[in-house]
Amino acid sequence: MMHSTYVTHTGIPLQLESKPLKRGGEGTIHRVTGGGTEELLAKIWHKPEKALKAHQRLQWMINNSPVASATQAVKNAIIWPRHLLFGQGRFAGFTMPPVHEGIKLFSLIQAGFPQHNLGKEWDTFQLPWGLNPRLVAGYNLAQAVHFLHQTGKFMLVDMKPENILVKPNGHISLIDLDSIQVSEKGVLLFPATAFTPEYAPPELHNKKIATLSGVARSYDLFSMAAILYQILLAVHPFQASHPKNTTLHENIMQGLWVHGPRKDELHRIPQLHNPYTNLPAALQTLFEKTFVAGHADPASRVAADEWARALLTAIRMTPRVKPRPRKKAAPSAKTAAKKSSAATAPKRRKTHTQVNQHITTTHTCIELREEGVNITLGGNLMVQIKFWK
């Protein structure tokens, strides 16, 4: 396989596989094969001028990394740039840790998840009985956002399901962080270079703020609440038809949340929103604070750590239920032939295992397991809780 050589900002040469793992609008993602013991990926920009614009931001982020001395759980949740890369004497890209076994959160929030091309390990996320694993994913997202916010330096701004990976155990990873907002002691150093209208708060659509001028933490809190709602219900909180509005961001701009005081102005509300009333009351209160009170007063939006506490309580209260079998997809001709040839094979005895809920929490994440719940409170203190169906 062909390789390309780049040099890090510390002068270390790295070998990159020439064939990219992924191509995007801005650049390509490559596997680093000569990076020593550390497994890395590299992003290389298509255009030198794009790389040049990102150079100083990334250099500051790497020199002031919030995850450098953090736990491995935090490093896994926040995929932070590791090295600057230079090719032919000019800045070309950066390296970052890989994420294994994850899928885009965008897939998880689709109605009908999991699709048949995904393994059975994702069956626990099926709605309506897959609420508990979704609460775990939401908790881990809130903890990751809180970790960045408490530094006082970083706002994600372009937080969206496409920029979040999720694993079958409920762990999440924030990716594509090279466009985030960076500040130091209240002074804006680098404004965000991207945002997504469907996850931007009403004050942006109403032109009361602009990302190039810097945004407050309340911006991210709106985006995060919208994503949490989608994780739990598989529908955007402002997804409904309106006599005049044709886009989600128009509904956001006018505060037309489907459970809010102006819901009667909506023409048709999808049935996917109906299970909202079955969510724990504490979570409903937080959504109301963010989407109703927070519409007029962004400072009223719920902070990430408050979301994390409420989601952890909801996890303890919500049993993990054994997933039901998926509806079988129509077999291909090849599959049908295999079944025919195996018709005379002896059948294996089915074994039944009891499915309970096991959650291990350290400082920033919860992991789904099978026997119960282990919650580490700090030091050597651990509490074990078991949930039964």
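Further up the page is the structure itself.
Residue numbering note: each chain is counted from 1, following its sequence as written. For a predicted model such as this one, the threshold for reporting local features is a pLDDT of at least 70, and the threshold for listing and counting side-chain atom pairs is 80 or more; totals across whole chains, interfaces and linings nevertheless cover every residue. The side-chain quantities take in all heavy atoms of the structure and omit both hydrogens and water.

Undergrad: If you had to explain the sheet that holds strand β12 (residues 181-184) to someone new, which residues and values would you point to?
TA: One bridge is not enough; two strands pair if DSSP finds at least two bridges between them. In this description a helix means any DSSP run of H or I spanning at least four residues, a strand means any run of E spanning at least two, and both kinds are numbered starting from the N terminus. Read across the sheet, three strands follow the order β9-β12-β13 without closing on themselves; strand pairing throughout is antiparallel. Unpaired on one side and paired on the other, β9 (154-155) and β13 (187-190) mark the two borders of the sheet. Two elements, β9 and β12, share two bridges in a ladder whose sense is antiparallel. Looking at β12, one finds that phenylalanine 154 is bridged to valine 182.

Undergrad: So what about helix α4 (residues 131-149)? Which residues, and what values?
TA: Given the number of residues in a helix, its expected span is that number minus one, multiplied by 1.5 Å. With 19 residues, α4 extends 27 Å between its outermost C-alpha atoms, agreeing within 8% with the 27 Å of an ideal straight helix rising 1.5 Å per residue. Each residue is placed in one exposure class: buried if its accessible area under a 1.4 Å probe, protein chains only, is under 20% of its type's maximum, exposed if it is over 50%, and partly exposed if it falls in between. Burial analysis of α4 places 18 of its 19 residues in the buried class, which makes it a mostly covered element.

Undergrad: Break down the packing of helix α8 (residues 281-296) against helix α9 (residues 304-317) for me, with residues and values.
TA: Orientation is described by axes fitted as lines to C-alpha atoms, over the contacting stretch for helices, and by angles from 0 to 180 degrees between their N-to-C directions. It is at 10 Å that the axes of α8 and α9 come closest, and there the two elements cross at 155 degrees. Looking at the two axes, α8 sits roughly antiparallel to α9. Every pair of crossing elements has a handedness; the one defined by α8 and α9 is left-handed. When α8 is examined against α9, the residues Leu283, Leu286, Phe287, Lys289 and Thr290 are found in contact with a partner set consisting of Glu306, Trp307, Ala310, Leu311 and Ala314. Broken down by class, the residue content of the contact of α8 with α9 amounts to seven nonpolar, one polar and two charged. Angles are sorted into four bins: roughly parallel if under 35 degrees, roughly antiparallel if over 145, roughly perpendicular if 65 to 115, and oblique for all others. Handedness of a crossing is defined here by the sense of rotation of the near helix relative to the far one, left-handed for an anticlockwise turn of less than a right angle and right-handed for a clockwise turn. Here a residue-residue contact requires only that any non-hydrogen atoms of the pair lie within 4.5 Å. Throughout, the ten residues Ala, Val, Leu, Ile, Met, Phe, Trp, Tyr, Cys and Pro are labelled nonpolar, Asp, Glu, Lys and Arg are labelled charged, and all others, Gly among them, are labelled polar.

Undergrad: How would you summarise the sheet that holds strand β8 (residues 103-104) if you had to cite specific residues and measurements?
TA: Through backbone hydrogen bonds, the strands of a sheet pair up, either in parallel or in antiparallel fashion. As summarised here, the arrangement of the three strands in space is β8-β10-β11, forming an open sheet in which the pairing is antiparallel. At either margin of the open sheet sits one strand with a lone partner, and together these are β8 and β11 (172-174). Inspection of the sheet shows β8 paired to strand β10 (residues 164-166) by two bridges, in the antiparallel sense. Its bridge partner lying in β10, isoleucine 103 is registered against valine 166. Strand contacts of α4: β10 and β11, with the helix running at about 35 degrees to β11, the strand carrying the most contacts.

Undergrad: I'd like a description of the packing of aromatic side chains, backed by residues and values.
TA: Here a pair means two rings of Phe, Tyr or Trp (six-membered ring of Trp) with centres within 6.5 Å. Their orientation is stacked below 30 degrees between planes, edge-to-face above 60, and tilted elsewhere. Taken as a whole, this structure holds 17 aromatic pairs when the rule is applied. Grouped by ring-pair contacts, the aromatic residues Phe222, Tyr229, Phe238, Trp257, Tyr276, Phe287, Phe291 and Trp307 constitute a single cluster.

Undergrad: How would you summarise the packing of α4 against helix α6 (residues 217-233) if you had to cite specific residues and measurements?
TA: Remark: α4 packs on α6, axes separated minimally by 9 Å, with the N-to-C direction vectors making an angle of 170 degrees. Considering the angle they form, α4 stands roughly antiparallel to α6. Helix-helix and strand crossings are classified by hand; for α4 and α6 the assignment is right-handed. Packed against α4, whose contacting residues are Leu131, Arg134, Leu135, Gly138, Leu141, Ala142, Val145 and His149, the element α6 presents Arg217, Asp220, Leu221, Met224, Ile227, Leu228, Gln230, Ile231 and Leu232 at the interface. Class assignment of the residues belonging to the contact of α4 with α6 gives a composition of eleven nonpolar, three polar and three charged.

Undergrad: Outline helix α1 (residues 48-63), supporting the account with residue identities and numerical values.
TA: A rise of 1.5 Å per residue sets the reference length of α1, with its 16 residues, at 22 Å; its end C-alpha atoms lie 22 Å apart and thus fit the reference within 8%. For α1, the principal kink sits at histidine 55 and spans about 40 degrees. Given a residue, its bend is the angle between the two axes fitted to the seven residues that end at it and to the seven that start from it.

Undergrad: Give me the environment of alanine 314: which residues, what numbers.
TA: With respect to the helices and strands, alanine 314 occurs in helix α9. For the pair alanine 314 and alanine 281, spaced 33 residues apart in the sequence, the C-alpha separation amounts to 9.5 Å.

Undergrad: Can you explain the nonpolar core? Please cite residues and give values.
TA: Working definition of a nonpolar core: buried Ala, Val, Leu, Ile, Met, Phe, Trp, Tyr and Cys residues. They are joined through side-chain atoms within 4.5 Å. Among the nonpolar cores identified, the biggest contains 90 residues, and Ile78, Leu141, Leu174, Met224, Phe287 and Trp307 are the most heavily contacted of them. Listed in part, the nine residues of the second largest apolar core include Tyr6, Leu14, Leu40 and Leu85.

Undergrad: Go over the pairing of β12, please, and point to the residues and values.
TA: For β12 and β13, the ladder comprises three bridges, and the chain directions are antiparallel. Opposite valine 182, over in β13, you have phenylalanine 190 as the bridge partner.

Undergrad: Could you give an account of unusual backbone geometry, with specific residues and numbers?
TA: With omega at 5 degrees, the peptide bond leading from phenylalanine 113 into proline 114 counts as cis. When you line up the elements, proline 114 lands in the loop between α3 (105-108) and α4. Looking along the chain, the bond that leaves leucine 127 and enters proline 128 is cis, with omega of 10 degrees. Mapped onto the secondary structure, proline 128 falls in the loop between α3 and α4.

Undergrad: I'd like a rundown of the side chain of lysine 160, residues and numbers included.
TA: Among the structural elements, lysine 160 can be located in the loop between β9 and β10. Its relative accessible area of 19% is what places lysine 160 among the buried residues. Side-chain polar atoms of lysine 160 contact the side chain of threonine 196, separated by 3.3 Å. Setting aside anything within four residues of it in sequence, one finds lysine 160 in contact with Thr196, Tyr199 and Ile227. Identification of polar contacts relies on pairs of N or O atoms within 3.5 Å, with a donor-acceptor requirement for protein atoms, meaning one able to donate a hydrogen and the other able to accept it, and with residues adjacent in sequence counted only if both atoms are side-chain atoms.

Undergrad: Break down the environment of leucine 286 for me, citing the residues and quoting the values.
TA: Its location among the elements puts leucine 286 in helix α8. It is 10.0 Å that separates the C-alpha atoms of leucine 286 and serine 300, two residues lying 14 residues apart in sequence. Non-local contacts of leucine 286, meaning those with residues more than four positions away in its chain, are made with Val302, Glu306, Trp307 and Ala310.

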